[in-house]
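# Coordinate analysis (summary)
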Amino acid sequence: MSVKHILLFLLITTLNSSFTIAKNIKLKPGTWRTELKLNNESSLPFTVEYSKNTNSVVLINATERIPLENVQINENVISIKFPIFNSELIGTIISNKRIEGYWHNYSKGDKYKIPFVSTCNSKSRFDKPQTNPEPFIGKWEVTFDYNDSKEKAIGLFESKENSMHGTFLTETGDYRFLEGVSNGNSLELSCFDGSHAFLFTSELKNDTLWGTFLSGTHYKTNWFAVRNETFELRDPEKLTYLVNDDPITFNLTDLDGKSYSYPNEDTKNKVVLIQIMGTWCPNCMDETNYLTDLYAQHKNDIEIIGIGFEVGKSEIDRINTISKYKHHMKIDYPLLVGGDACKPCAIKKFPMLNNIMSFPTLLIIDKKGEVRKIHTGFSGPSTGKYYTDFITHTNQFIEDLIKE
């Protein structure tokens, strides 16, 4: 063999050896700080914990922990699918401490993706120290989109473990578990749960917070907030109401592809709760957790029916999506297919209502078949007292209806 051939052989061997190493990088276990690049100026940070032993990832938002067990690593490509929401993170493993890729949110279309970079380190979510939290702690009256629709909200912020935790309550639901940092006169908060990617930035000027809200790459608006401990939103039990005397009736498809009619023998002489929801909706997920617990306590006296309005090209797609949701959430009560994921689509199924302004919307019907309460939206665990008050009052109301 000539010297030229020997050198060529050594070069090819070296390249192949390097390529093999690159394909089999072992990710470093620990905290990974990840940034979604929303635009040229704004990145949304979140953190995950990667466990080498279980090959699993836990997504962290303030006190919320979302286990992501469907982690696939094929050579230098990693994919992490979310258990409920139709999205996934797909990245290239650059080194044992760096991944670059895209978050794909298929519920918004096959082309909706946002680039991300993830690095293994122990830095905070926003990569800066927490300072001066006192001016931000408390309850705020918030106005979103103040130049146009002027949507009102409540902002709740507190300082925990050298970071800011909080949420926004609106009349259609809450923004779930926000985590961030106060630094000087600025407040930054974010949330990423596989369905929504929320980034709130703001600056305190005198006694007013002036901010920007980004939801993924598709939505942006401005907001301001002033301190107001007494401010409340409209009563969620008065936003959706009956407009005629027509009874609640429907005939929809169940998850076996069969016809399901309400009322029926299973609902006779029972208190019935009808949840108008979507599997793509985190507020619906929070409400489903509550309803699952409620059903376990009173399954002999109540019936719960979930009706999913879904993203999907066909009835089969929607059935498969809802079936996956039912299995993961360990739901014992019936889930039905309502139709496409749109509010006008939902109101067509319930023409006796004035409107359906939110997923979820919950109808509570007594043993006689009369609607006794309609609750719009859902304030989940991140809202603290608003959540616990709802649970207490609703549980008592259901128990009173059972006794009637």
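The next subject is the environment of Pro29. With respect to the helices and strands, the residue Pro29 is situated in the loop between helix 1 (3-23) and strand 1 (30-37). If we ignore the near neighbours within four places in the chain, the residues touching Pro29 are Tyr50, Lys52 and Cys120.

With that settled, consider the sheet that holds strand 6 (residues 77-81). Within a sheet, adjacent strands bond to each other through the backbone by hydrogen bonds, running parallel or antiparallel. Taken in spatial order, the 9 strands line up as 4-3-2-1-9-8-7-6-5 in an open sheet, and their pairing is antiparallel. Of all strands in the sheet, those bounded by a partner on one side alone are strand 4 (64-68) and strand 5 (70-74). On average, each strand axis in the sheet is inclined to that of its neighbour by 25°, with strand direction left out of account. Pairing between strand 3 (residues 56-61) and strand 4: 5 bridges, direction antiparallel. Bridge assignment links Leu59 to a residue of strand 4, and that residue is Ile66.

A few words now on the state of the cysteines. What the rule picks out here adds up to 1 disulfide. Here Cys342 is linked by a disulfide to Cys345, with a sulfur-sulfur distance of 1.9 Å. When the S-S torsion is 85°, as for the bridge of Cys342 with Cys345, the disulfide is right-handed.

Glancing now at the confidence of the model for the protein chain. Across the protein chain, pLDDT averages 92, with 94% of residues at or above 70. Long-range and interchain partners of residues 3-22, a stretch whose pLDDT sits below 50, account for 2 contacts in this model, where long-range means more than four residues apart.

Cis geometry is adopted by the peptide bond preceding Pro263, which originates at Tyr262 and carries an omega value of 0°. Tracing the sequence through the fold places Pro263 in the loop between strand 20 (259-262) and strand 21 (271-277). A cis amide bond links Phe359 to the next residue, Pro360, at an omega of 5°. On the secondary structure map, Pro360 appears in the loop between helix 4 (343-349) and strand 24 (361-365). Of note, Lys150 is a non-glycine position whose phi angle comes to about 55°, a positive value.

For the rest of this paragraph, the subject is the pattern of salt bridges. This structure, assessed with the given rule, holds 18 salt bridges. Residue Lys160 pairs with Glu158 through a salt bridge whose shortest N-O separation is 3.7 Å. Exposure remark for Glu158: the relative accessible area of 37% places this residue in the partly exposed category. Salt-bridge contacts for Arg234 lead to Glu171; the nearest nitrogen and oxygen are separated by 2.8 Å. In this pair, Arg234 is assigned in the loop between strand 18 (219-227) and strand 19 (250-254) and Glu171 in the loop between strand 12 (163-170) and strand 13 (173-174), connecting sequence segments 63 residues apart. A relative accessible area of 52% means that Arg234 is categorised as exposed. The exposure class assigned to Glu171 is buried, which follows from its relative accessible area of 18%. Sharing partners across several salt bridges, the network here consists of Glu64, Arg176, Asp193 and Asp286.

Counting 53 residues, the largest nonpolar core has Ile248, Phe250, Tyr262, Leu273, Ile274, Ile307 and Phe350 as the members making the most contacts within it. Membership of the second largest hydrophobic core comes to 31 residues, among which are Leu36, Leu38, Ile78 and Ile93.

Its 15 residues give helix 3 (residues 315-329) an end-to-end C-alpha distance of 21 Å, which sits within 8% of 21 Å, the value for a rise of 1.5 Å per residue. Considering only its buried residues, helix 3 is in contact with strand 19, strand 21, helix 2 (282-298), strand 22 (302-310) and strand 23 (335-340).

Note on placement: Phe192 falls in strand 15 (residues 186-192). Apart from residues no more than four positions distant in its own chain, Phe192 is found in contact with Leu36, Leu44, Phe46, Leu59, Asn61, Phe82, Leu89, Trp103, Arg125 and Ala197.

A few words on the pairing of strand 20. Residues Tyr260 and Tyr262 point to one face of strand 20 and are all buried, whereas Ser259 and Ser261, pointing to the other face, are not buried. Note that strand 19 and strand 20 share 4 bridges and pair antiparallel. Bridged to Phe250 within strand 20 is Tyr262. Taking the residues between adjacent antiparallel strands as the criterion, strand 19 and strand 20 are bridged by 4 residues, where Gly257 takes a positive phi near 80°.

Assignment of secondary structure puts His104 in strand 8 (residues 98-105). Assessed through its relative accessible area of 15%, His104 is described here as buried. For His104, the residues in contact, after removing those within four places along its chain, are Asn86, Ser87, Glu88, Ile90, Tyr112 and Lys113.

On to the pairing of strand 6. Residues in a regular strand project their side chains so that they alternate between the two faces of the sheet. Sheet topology places strand 5 next to strand 6; 5 bridges connect them, and they run antiparallel. Note on strand 6: the bridge partner recorded for Asn74 is Val77. Hairpin connection between strand 5 and strand 6: a loop of 2 residues separates the two successive antiparallel strands, and Glu75 in this loop has a positive phi of roughly 60°. Inspection of the sheet shows strand 6 paired to strand 7 (residues 87-95) by 5 bridges, in the antiparallel sense. The partner of Ser79 across the bridge, within strand 7, is Ile90. A loop of 5 residues connects strand 6 with strand 7, the two strands running antiparallel in sequence.

About the criteria used
- Residues numbered from 1 in each chain as written.
- Predicted model: local features only at pLDDT ≥ 70, side-chain atom pairs only at ≥ 80, totals over all residues.
- Heavy atoms only, no water.
- Helix = DSSP H or I, 4+ residues; strand = E, 2+ residues; numbered from the N terminus.
- Contact = heavy atoms within 4.5 Å.
- Pairing = 2+ DSSP bridges.
- Axes fitted to C-alpha atoms, helices over the stretch in contact; angles between N-to-C directions.
- Disulfide = S-S within 2.5 Å.
- pLDDT = per-residue confidence, 0-100.
- Salt bridge = Lys/Arg side-chain N within 4 Å of Asp/Glu carboxyl O.
- Buried < 20%, exposed > 50% of the residue type's maximum accessible area, 1.4 Å probe, protein only.
- Core = buried A, V, L, I, M, F, W, Y, C linked by side-chain atoms within 4.5 Å.
- Expected span 1.5 Å × (residues − 1).

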